Amino acid sequence: MTTPKTLFEKVWDAHQVCPETPDTPAVLYIDLHLIHEVTSPQAFTEIRERGLKVRRPDRTMATMDHSTPTTPRNAQGIIPVTDPQAIAQLNQLRTNCAEFGIPLFELGSDKQGIVHVIGPEQGLTQPGMTIVCGDSHTSTHGAFGALAFGIGTSEVGHVLASQCLLQRKAQTCAVRVDGRLGPGVTAKDIILALIAKYGVGGGTGYVFEFMGEAIRALSMEERMTICNMSIEGGARAGMIAPDETTFEYVAGRPFAPQGAAFESALARWRSLPSDEGATFDHEMRLAADELVPMITYGTNPGMGIPITGTIPTLDEMGDASARVALEKALAYMNLEPGKPLLGHAIDVVFIGSCTNGRISDLRQAAGLLKGRTVAEGVRVMVVPGSQQVRQQAESEGLDVIFKAAGAEWREAGCSACLAMNSDVVPPGKYAVSTSNRNFVGRQGPGSRSLLASPLTAIAAAVTGVVTDPRTLI
Amino acid sequence: MDSIKTITGKVVALPLENVDTDQIIPAKYLSTTTKDGLGEGLFSTWRYNADGTPNPDFVLNRTESSGATVLVAGRNFGSGSSREHAPWALQAYGFRAVISPSFADIFKSNALKIGLLPVIVDAESYYQLVSLCEEEPQTQVTIDLASQTVTLPGGQQVGFPLDGFSKHCLINGVDQLGFIMQQDADITAFEATNPVALNTQH
Ligand code: SF4
C-alpha cells in the first residue's frame, strides 16, 4: 500500500521537475503565472538584460489592478489615469506583455480586475495546479485545491524565464473548522477568528489545509475569502480540497477545460483530496458554532475581537513585546484597552478587495443595505473586484441599491485596500474595511482600519458606528 | 550576485514585533519600474514627520545609528505583502543583514535572493542584542556564513540556521536564475509528460 498523502503533498509531488536533496531545493513546475503592473517591471528588465525570453507565455496572464484608478469612466468610456507614475507603470506592463507575447487584461476591458478575482472567474485557476504571482494574496487560489503562493520579483523573473521555482517543501497544518456558522457570521469571521486565536506568525512555515463541516458548507467565493487571508496567519499558502462545489464553479468558465478535456480533468481532480490517514505536521482548530462577527482593533490582522467583546488590556498580553505592540497599536488607533468597539464612530466604509470584492459579497452587502441609507458624514466606497463582478452586479441592480443609499459605486481594482491610487482613508479617520490588512498607513497615511465582513461593514455604514450586523438582520 | 562570506558591522535595534512590509516600504513607493531610490522610502512613516523633515526620535535618525549595517528587529519581521521592494529598500539604505527571532516566509526568501542576510536567533540572544544596542550604540557584530555564527562584542557566538543551498549561493555568489536555467533539459522533459489543459492565449 502506498503512504497516504495530503492534498499539498499530491500537488507538490506532481510538479517536481527535480526533487529536493539535502543540498538543493526542488525545481517546482508552475502551471499558471499571474502578473500585474507593480511587482513585474524589474523582473522583465532582468530577463531582457540577460537576453532571455518568457518560456511559457501560454501559462502567463497579466492584468492591471494595484495602481489603477477606480474613478468613473469619461465620456469616451475610458477610465482616466492621471498619476504620472501609475501611467508609466501601466505603460511598462503593456510594453512588456507585447514584447514577450503575454496576454493582458487591459484597464477597463471586460475581463480586467484584481488578479485574484480574475483567475478564478476566468477559469484560469483550476484544482491541482501550481499558481504563483508577485503578490502575497495568491493564496486565494488555494480555495480550488491548487498550491498557490506569493513570490518576490526575483522569483517572478525565474518563472518568466523557466516556468519553474526553486522551493523547499513546506510543512503542513490541518485547520479544522467544525460545526456550522450562525446567521450573520461569515467566512471572513472564520479567518479573522483563526488569526486572532493563533496570531499573525502562527502559520509561518506551513501550508494550511482548511477542512471540516463549516468549510465544506462554504461556497467557492467564501472559500476564497478564507484562503486569501491564510497569508495574514503567516502561512505560505492555504488550500481546500476540491469537491462538487469546486467542479461546478469551474465548469464552463472561459479558460477551463471543455467537453472531454473537462471529463478527464475531473477524474484527476477527484483524486486530489488528502487520503484517509494522511498526517499533518501541525493542527489548528476552530468551532464555527461559537463564532460571532469579528472586527479588528489594532494594526495587524491578528488584533481582532468578537464584535461584542472588548479590546484586550495590557495585562492580558503574553509577554513584554506583545504589550509594547498593543500599546503602540492602540496609540495609533486612538483606542483604549478594555473598552468595547461597539458604538465607536466611524468615517469611511470600504467594500471591496480580493478578500471580499466578489459578487456574493456585493449581494450580501446590498441585501443588508436595501431600504436603508448611509449615515450622515460616512463615506462608503463600493469597489467591485473585477469588471465581470461590476457588470453582474449592475445586471442585478445592486449598483442602484448602493447609489440610492448614498454609497459610491466605483470601477474595479484594488483601490483603498492599499491606497496606491486616490482612494484613501484620510489621516486619523476610522474605516471599516472588508479588505485584509489594517497595517499602519495601509489605507492612507494615518488611516485607522477596522477589518470586518461585508455585513459588519454595511451595519457600520448605516448606523455610523461599529454595529453588530445581527441586530439588523 | 556578489559573494558574501562575512559581514561585520554596527548594529541598530528596532525592537518591534510583526514589522510588516508596508512599514518597511509603504505602497506609495511602489509605483516605480526600477529599483532606484527605494532607500529613501525605507521606514518612511517612522523616519519622516508629516512635513517631510526627519523625525529625530526614530532610531535610524539618531547620530549614533549612522553607518549601521545590521538591523536587529522583533519576531515575524517582514510579514504582509510579498513586495521585494522591502529587502531592496533595506539594502539600498545600507543594511546587509537583519537579525530577528523569526521572519515571514516570503520576506526571508526574497532577502536571500538578493543577498540581504536574514539571521534567525533564539529569543534570549535577540533580547541580549537589543540591550547591547541600548547600552552601547556602537556595538558591532560579525556574521560568518561558513560557520553560521554571529559573534557578539564579548566574543560570545550565537549559531543561526541557513539552508545549505542558500548558503552555497551566498558564499559563492551563485546566481539562482542562472542555476534554474541550467535545468532546461529536465524542464523540457517534464513539460512533455505533464500536459496541462490550459492556454492563456486562446
Ligand atoms: S485587493 Fe489588496 S490585497 Fe488584494 S491584490 Fe489588491 S492590494 Fe493586494
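For clarity, every value in this text was computed on a predicted model and none was experimentally measured. Going along each chain's sequence as written, the residues are numbered from 1 onward. For naming, the first written chain is A and the first written ligand is 1, with later ones following in the order written. Where local features are concerned, this predicted model is filtered to residues with pLDDT of at least 70; where side-chain atom pairs are given and counted, the filter is 80 or more; whole-chain, interface and lining totals use all residues. Only heavy atoms go into the side-chain values, all of them from the structure, while hydrogens and water stay out.

**So, the overall build of chain B**
Quick note on the threshold: Here a helix means four or more residues in a row that DSSP labels H or I, a strand means two or more in a row labelled E, and each is numbered from the N terminus. When accessible area is computed with a 1.4 Å probe and restricted to protein chains, residues below 20% of their type maximum are described as buried, those above 50% as exposed, and intermediate ones as partly exposed. In this analysis, two residues are considered to be in contact whenever any of their non-hydrogen atoms come within 4.5 Å of each other. Residue-level accessible areas treat just the shown protein chains as cover; the underlying method is Shrake-Rupley with a 1.4 Å probe. Only four residue types enter the tally: Lys and Arg on the positive side, Asp and Glu on the negative side, with His and both chain ends excluded. Where a charge lies is defined by one atom per residue type, namely NZ (Lys), CZ (Arg), CG (Asp) and CD (Glu).
On a plain count of helices and strands, chain B comes out with nine helices and seven strands. Principal-axis analysis of the C-alpha atoms places the extent of chain B at approximately 60 × 45 × 25 Å. Counting only residues that meet the buried cut, chain B has 57% of its 202 residues in that class. Relative to all contacts within chain B whose residues are 6 or more apart in sequence, the contacts with residues 24 or more apart total 65%. Here chain B displays about 8100 Å² of accessible surface, and carbon together with sulfur accounts for 50% of that area. Computed over 12 positive and 22 negative side-chain charges, the inter-centroid distance for chain B is 2 Å.

**Observations regarding the side chain of Arg437 of chain A**
Put simply, the test is: Polar contact is defined as a pair of N or O atoms within 3.5 Å, subject to the rule that within protein one atom must be able to donate a hydrogen and the other to accept it, and that residues adjacent in sequence are counted only when both atoms are side-chain atoms.
When you line up the elements, Arg437 of chain A lands in the loop between strand S18 (430–433) and strand S19 (448–451). We classify Arg437 of chain A as buried; its relative accessible area is 1%. A polar contact of 2.9 Å, which involves the side chain of Arg437 of chain A, links it to the side chain of Ser136 of chain A. If near-sequence neighbours (up to four positions away) are discounted, Arg437 of chain A is found in contact with Ser136, His137, Ile231, Glu232, Arg442, Ser449 and Leu451 of chain A together with Gly80 and Ser81 of chain B.

**Some words on the site of the ligand**
Residues and elements named next belong to chain A. This is how the line gets drawn: Consider each residue's heavy atoms; a residue with any of them within 4 Å of a molecule or strand counts as near. Both cavities and pockets are sets of points on a 1 Å grid over the protein atoms alone; in a cavity a 1.4 Å probe fits but cannot get out, in a pocket the set is open with protein on both sides within 12 Å along at least five of seven lines, and lining residues sit with an atom within 4 Å of a point. To qualify as sitting in a cavity or pocket, a molecule needs more than half of its atoms within 2 Å of the grid points. Each residue is assigned to one of three groups, with Ala, Val, Leu, Ile, Met, Phe, Trp, Tyr, Cys and Pro labelled nonpolar, Asp, Glu, Lys and Arg labelled charged, and all others, Gly among them, labelled polar.
The environment of the ligand is formed by His66, Ile114, His116, Asp135, His137, Ser353, Cys354, Cys414, Cys417, Leu418, Asn436 and Arg442. More than half of the atoms belonging to the ligand lie within 2 Å of the grid points that define the largest cavity. For the shell around the ligand, the per-class residue count stands at five nonpolar, five polar and two charged.

**With respect to the interface of chain A and chain B**
Selection rule: The term buried area means the drop in 1.4 Å probe accessible area that two parts suffer when joined, counted for both and summed. The term salt bridge refers to a side-chain nitrogen of Lys or Arg lying within 4 Å of a carboxyl oxygen of Asp or Glu.
Between chain A and chain B, the contact holds 77 residues from the first and 56 residues from the second. Of the roughly 5300 Å² buried between chain A and chain B, counting both surfaces, carbon and sulfur atoms make up 59%. For the chain A face of the interface with chain B, the top three residues by lost area are Gln42, Arg55 and Leu166 of chain A, together amounting to 11%. Two residues, Arg50 of chain A and Asp175 of chain B, come together in a salt bridge whose shortest N-O distance is 2.7 Å. Contributions of two or more residues to the side of chain A that touches chain B are made by strand S1 (16–18), strand S2 (26–29), helix H2 (41–49), strand S4 (60–63), helix H3 (84–100), helix H5 (153–162), strand S8 (164–167) and helix H11 (320–333) of chain A. With seven residues, H5 of chain A is the largest single contributor of residues to the side of chain A that touches chain B. Broken down by class, the residue content of the side of chain A that touches chain B amounts to 34 nonpolar, 27 polar and 16 charged.

**Points about the sheet that holds strand S11 (residues 237–240) of chain A**
Strand pairing within a sheet occurs via backbone hydrogen bonds; the two strands may be parallel or antiparallel. Residue and element names in this part refer to chain A. Short version of the rule: Pairing between strands is defined by DSSP: at least two bridges between them are needed. Fitting a line to C-alpha atoms yields each axis, with helices limited to the stretch in contact; the angle taken between N-to-C directions then spans 0 to 180 degrees.
Reading across the sheet, the four strands line up as S11-S10-S9-S12 and stay open at both edges, with parallel pairing between neighbours. Each edge of the sheet is formed by a strand with only one pairing partner; in this case those strands are S11 and strand S12 (282–287). Going across the sheet, the axis of each strand differs from the next one's by a mean of 25°, ignoring polarity. As judged from the six bridges shared by strand S9 (residues 171–178) and S12, these two strands associate in the parallel manner. Paired with Ala174 across the two strands is Glu283, which belongs to S12. Strands strand S10 (206–211) and S11 of the sheet are contacted by helix H8 (residues 220–228), whose axis makes an angle of about 155° with S11.

**Some remarks on the domain arrangement of chain B**
Applied cut-off: Domain ranges listed in this record stem from an automatic or a database domain assignment.
For chain B, the assigned domains read domain 1 (6–162) and domain 2 (175–202). A straight line from the C-alpha centre of domain 1 of chain B to that of domain 2 of chain B covers 36 Å.

**Structural notes on the environment of Ser136 of chain A**
Of note, Ser136 of chain A is situated in the loop between strand S6 (130–133) and strand S7 (147–150). Note on Ser136 of chain A: relative accessible area 3%, which makes it buried. Sequence separation of Ser136 of chain A and Ile231 of chain A is 95 residues, and the distance between their C-alpha atoms is 6.7 Å. Those residues in contact with Ser136 of chain A that lie beyond four places of it in its chain are Gly150, Ile231 and Arg437 of chain A together with Gly80, Ser81, Ser82 and Ile106 of chain B.

**As for the state of the cysteines**
The cut-off we apply is this: Pairs of cysteine sulfur atoms within 2.5 Å are identified as disulfides in what follows.
Summed over all chains, the structure comprises zero disulfides over all chains. Free of any disulfide, Cys169 of chain B has its nearest neighbouring cysteine sulfur in Cys18 of chain A, separated by 14 Å.

**Observations regarding the packing of aromatic side chains**
Which entries qualify depends on this criterion: Ring pairs shown here join Phe, Tyr and Trp side chains whose ring centres sit within 6.5 Å, with only the six-membered ring taken for Trp; geometry is labelled stacked below 30 degrees between planes, edge-to-face above 60, and tilted in between. For a Lys NZ or an Arg CZ to count as sitting over a ring, it must be within 6 Å of the ring centre and within 35 degrees of the ring normal.
Summed over all chains, the structure comprises 17 aromatic pairs over all chains. Positioned above the aromatic ring of Tyr249 of chain A, the side-chain terminus of Arg253 of chain A is 3.8 Å from the ring centre.

**Let's talk about the nonpolar core**
Selection rule: Throughout, nonpolar core names a set of buried Ala, Val, Leu, Ile, Met, Phe, Trp, Tyr and Cys residues whose side chains join them through atoms within 4.5 Å.
In terms of nonpolar packing, the biggest core is built from 91 residues, with Ile102, Leu147 and Phe210 of chain A touching the most fellow members. Tallying contributions element by element places helix H6 (residues 187–198) of chain A first for this core, with seven residues. Each residue touching Leu147 of chain A, except ones within four places of it in the same chain, is listed here: Phe8, Val11, Trp12, Leu28, Met129, Thr130, Ile131, Val207, Ala237 and Met239 of chain A. Among the nonpolar cores identified, the runner-up in size contains 90 residues, and Ile351, Ile359 and Leu398 of chain A together with Ala73 of chain B belong to it.

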